[in-house]
Amino acid sequence: MFDLKSLSELEEFDNHKLVTFVFDKESGLQGFIAIHRGNGKHPSFGATRLWDYNSEESALRDALRLSRTMSYKAAIAGLKYGGAKAALLKNGHINRDKLLKSYAERVNFLSGHFVTGTDVGISDTDVKKMRRRSKFFVGVKTNPARYTGLGVYFALQACLKERFGDETMLDKSIAIQGLGKTGSELLKLVYQESSKIYVTDLNKDTLRNIKKLFPKVIIVSPDKIHFLKADVFSPCALYHTINKANVEELQFKIICGSANNQLESDSLADELYRMKILYAPDFVVNAGGLISVVDEYEYGNFRVKRVVKRVEVIKTNIKKIIRKSKRTGRSTDKIARELAEKTFQSYDK
Ligand code: NAD
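Rules of the game
Residues numbered from 1 in each chain as written. Predicted model: local features only at pLDDT ≥ 70, side-chain atom pairs only at ≥ 80, totals over all residues. Heavy atoms only, no water. Buried < 20%, exposed > 50% of the residue type's maximum accessible area, 1.4 Å probe, protein only. Helix = DSSP H or I, 4+ residues; strand = E, 2+ residues; numbered from the N terminus. Pairing = 2+ DSSP bridges. Expected span 1.5 Å × (residues − 1). Contact = heavy atoms within 4.5 Å. Polar contact = N/O pair within 3.5 Å; in protein donor to acceptor, adjacent residues only side chain to side chain. Lys, Arg positive; Asp, Glu negative; His and termini not counted. Salt bridge = Lys/Arg side-chain N within 4 Å of Asp/Glu carboxyl O. 1 Å grid on protein atoms, 1.4 Å probe; cavity = no way out; pocket = protein on both sides within 12 Å on 5 of 7 lines; lining within 4 Å. Points joined across faces, edges and corners; volume = space filled by probe spheres on them. Nonpolar A, V, L, I, M, F, W, Y, C, P; charged D, E, K, R; others polar. Near = heavy atom within 4 Å. Areas by Shrake-Rupley, 256 points an atom, 1.4 Å probe, with all protein chains shown as cover. Core = buried A, V, L, I, M, F, W, Y, C linked by side-chain atoms within 4.5 Å. Patch = residues over 30% accessible without salt bridge, like charges linked within 9 Å, V, L, I, M, F, W, Y side chains within 5 Å. Charge placed at Lys NZ, Arg CZ, Asp CG, Glu CD.

Visitor: What is the right way to look at the pairing of strand β2 (residues 29–35) in this model?
Guide: Sheet faces and side chains relate simply in a regular strand, where the side chains alternate between the two faces. β2 sits mainly inside the fold: seven of its seven residues count as buried. Sheet topology places strand β1 (residues 18–24) next to β2; seven bridges connect them, and they run antiparallel. Its bridge partner being in β2, Val-19 is matched across the sheet by Ala-34. Linking β1 back to β2 in an antiparallel pair, the connection comprises four residues, with Gly-28 at a positive phi of about 90°.

Written as structure tokens, this is what we have:
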């Protein structure tokens with residue numbers, strides 16, 4: 001347990017619009033829904049995570065932090081929705097079907113102010129089950145990870161154009177960290193063009209399968225990936241992969257990947273800028289999945305062409321951010337944050 005009096009003093013708390021505790025003893029449901037910003041009658045979007053948090057406090061902190069990131073992501077992608085997130089504890093005593101049912105009921109209770117879908121620990125099948133009880137679950141027709149991967153690819157093209165004068169990966173090397181849902185989507189897209197592809201993952205079975213499907217990849221161990229001499233680094237696994245301990249040693253020209261919160265602290269963006277490493281801000285790059293579920297929510301159906309067109313905004317945004325960064329001599333991350341904040345500052349808190 002933690003001291004509830006201090007909730008508003010948690011460093012992740014950013015004047016959130018609503019933080020709610022969800023609990024149901026019978027099913028083992030326990031966790032938080034955090035809504036960072038709302039925008040009038042429009043709902044706030046954010047996926048639901050079911051994770052082995054070691055305490056209620058760490059789940060709460062995760063929900064607060066990630067809901068804030070979602071506001072940045074939606075605003076910069078030109079979506080009119082605020083950011084939200086749910087973090088549920090998986091404490092070993094859950095009855096999954098009952099938990100999904102009682103969670104869906106609580107989402108209904110928020111009357112559409114919160115729209116959610118799959119994140120770590122919640123499968124597509126879980127979402128489909130909850131969708132039968134609540135229309136505020138999305139991602140049942142689209143495949144968000146595919147469009148997150150595509151968005152990373154579009155962002156990468158903008159970075160390549162800036163650094164090398166050409167959008168293609170021909171004669172360029174890339175190091176991909178993490179070959180899960182999004183990393184493998186990116187790999188598919190760069191595989192034919194790229195001259196050298198280094199990959200790593202903690203899961204040996206994943207690596208074996210990838211090597212079978214994509215024989216020319218070069219597998220490296222997870223602790224070596226940061227120190228390769230490659231043109232591009234694509235973090236598609238963890239948060240805080242770029243940190244104080246490794247930043248000085250990075251030799252990449254571009255960093256562009258799907259992972260959330262890639263930088264351990266905001267000041268590392270300035271460091272990368274000083275080192276002339278072009279960093280594509282994570283929340284701009286990885287908005288493709290969100291764009292695809294928003295599209296499903298708005299149209300009630302799924303059309304590949306329409307979603308691809310919408311995901312292209314990521315490339316336009318990265319180009320715009322790079323231009324402004326060059327003009328003002330400030331990091332791409334700072335520029336992107338300012339642009340997003342300008343948008344959601346007008347939203348109701
Ligand atoms: P995933 O769980 O499918 O894949 C992550 C992969 O990274 C796994 O294969 C795992 O074994 C590997 N991994 C974990 N730690 C590692 C390490 N230290 N070194 C190497 N590999 C490691 O997850 P995902 O859906 O691909 O998401 C990846 C990242 O992208 C996460 O940070 C996620 O929050 C972010 N993201 C995902 C989406 C989406 O649509 N899925 C959208 C936006 C952001």
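Visitor: Looking at this structure, I do not really get the sheet that holds strand β7 (residues 173–177). What am I missing?
Guide: In a beta sheet, neighbouring strands pair by backbone hydrogen bonds and run either parallel or antiparallel. Reading across the sheet, the six strands line up as β9-β8-β7-β10-β11-β12 and stay open at both edges, with parallel pairing between neighbours. A strand with exactly one partner marks an edge of an open sheet, and here the two such strands are β9 (218–219) and β12 (278–279). With two bridges joining them, strand β8 (residues 196–200) and β9 adopt parallel strand pairing. By the bridge assignment for β9, Tyr-198 is matched with Ile-218.

Visitor: I keep staring at unusual backbone geometry and nothing clicks. Help me out?
Guide: Not every positive phi belongs to a glycine, and Asn-15 is a case in point at roughly 55°. Assignment of secondary structure puts Asn-15 in the segment before β1. Classification of Asn-15 as partly exposed rests on a relative accessible area of 46%.

Visitor: Please clarify how helix α4 (residues 144–164) should be interpreted in this entry.
Guide: Quick reminder: α-helices carry 3.6 residues per turn. Residues three or four places apart thus point the same way. With 21 residues, α4 extends 30 Å between its outermost C-alpha atoms, agreeing within 8% with the 30 Å of an ideal straight helix rising 1.5 Å per residue. Most of α4 is tucked away: 15 of the 21 residues are buried. Downstream of α4 by one or two residues, Gly-165 has phi in the positive range, about 80°.

Visitor: How should the environment of Lys-85 be read in this particular structure?
Guide: Position of Lys-85 relative to the elements: it lies in strand β5 (residues 82–89). The class of Lys-85 is buried, set by a relative accessible area of 4%. Along the primary structure Lys-85 and Leu-110 are separated by 25 residues, whereas in three dimensions their C-alpha atoms are 13 Å apart. Discounting chain neighbours no more than four positions away, the residues touching Lys-85 are Phe-32, Ile-33, Ala-34, Gly-46, Ala-47, Ala-63, Leu-66, Ser-67, Phe-114 and Asp-119. Only 3.3 Å separates the side chain of Lys-85 from the side chain of Asp-119, close enough to count as a polar contact.

Visitor: Any chance you could explain the side chain of Lys-73 here in plain terms?
Guide: The residue Lys-73 is located in helix α1 (residues 56–76) in this model. There is no salt bridge for the buried Lys-73, and the closest opposite charge comes from Asp-282, which lies 7.7 Å off by N-O distance. Setting aside anything within four residues of it in sequence, one finds Lys-73 in contact with Asn-260, Phe-283, Asn-286, Ala-287 and Leu-290.

Visitor: It is not clear to me how the layout of surface pockets should be interpreted in this structure. Could you clarify?
Guide: In this approach the atoms are scanned with a rolling probe the size of a water molecule, which exposes any empty space left behind. Each pocket or cavity is described by its volume, and for the second largest pocket that value is around 220 Å³. Arg-163, Tyr-273, Ile-277, Leu-278 and Ser-325 are the residues nearest the centre of the second largest pocket, which is lined by 14 residues in total. Sorting the residues of the lining of the second largest pocket by element identifies α4, α7 (267–274), β12 and α11 (313–328) as the ones contributing at least two each. Residue classes in the lining of the second largest pocket are distributed as seven nonpolar, three polar and four charged.

Visitor: What exactly am I supposed to notice about the site of the ligand here?
Guide: In the region of the ligand, 18 residues are neighbours, and Thr-148, Lys-181, Thr-182, Asp-201 and Asn-260 sit closest. At a separation of 2.7 Å, an oxygen atom of the ligand approaches a polar side-chain atom of Thr-182. Residue Leu-202 places a main-chain N or O atom 3.4 Å away from a nitrogen atom belonging to the ligand. When isolated, the ligand has an accessible area of 830 Å², and the protein chains bury 77% of it. Elements with a minimum of two residues in the shell around the ligand: α4 and α5 (181–190). Here the element with the most residues in the shell around the ligand is α4; it accounts for three residues. Its residues placed into classes, the shell around the ligand shows eight nonpolar, seven polar and three charged.

Visitor: Help me understand the nonpolar core in this model?
Guide: Soluble, globular proteins show a tendency: their nonpolar side chains are buried together. Counting 60 residues, the largest nonpolar core has Leu-156, Ile-174, Ile-176, Leu-187, Val-190, Ile-197 and Ile-318 as the members making the most contacts within it. With residues near it in sequence (within four places) discarded, Ile-174 still touches Leu-156, Met-169, Leu-186, Val-190, Ser-194, Lys-196, Ile-197, Tyr-198, Ala-230, Val-232 and Ser-234. Core analysis: the next-biggest nonpolar cluster, separate from the first, contains 20 residues, Leu-100, Ala-104, Leu-110 and Phe-114 among them.

Visitor: It is not clear to me how a positive patch on the surface should be interpreted in this structure. Could you clarify?
Guide: Judged by side-chain charge, Lys-161, Lys-319, Lys-320, Arg-323, Arg-327 and Lys-342 come together as a positively charged surface patch. Among the elements that make up the positive patch, the one with the highest residue count is α11 (four residues). Topologically, Arg-323 is positioned in helix α11. Accessibility expressed as a relative area gives 52% for Arg-323, which makes it exposed.

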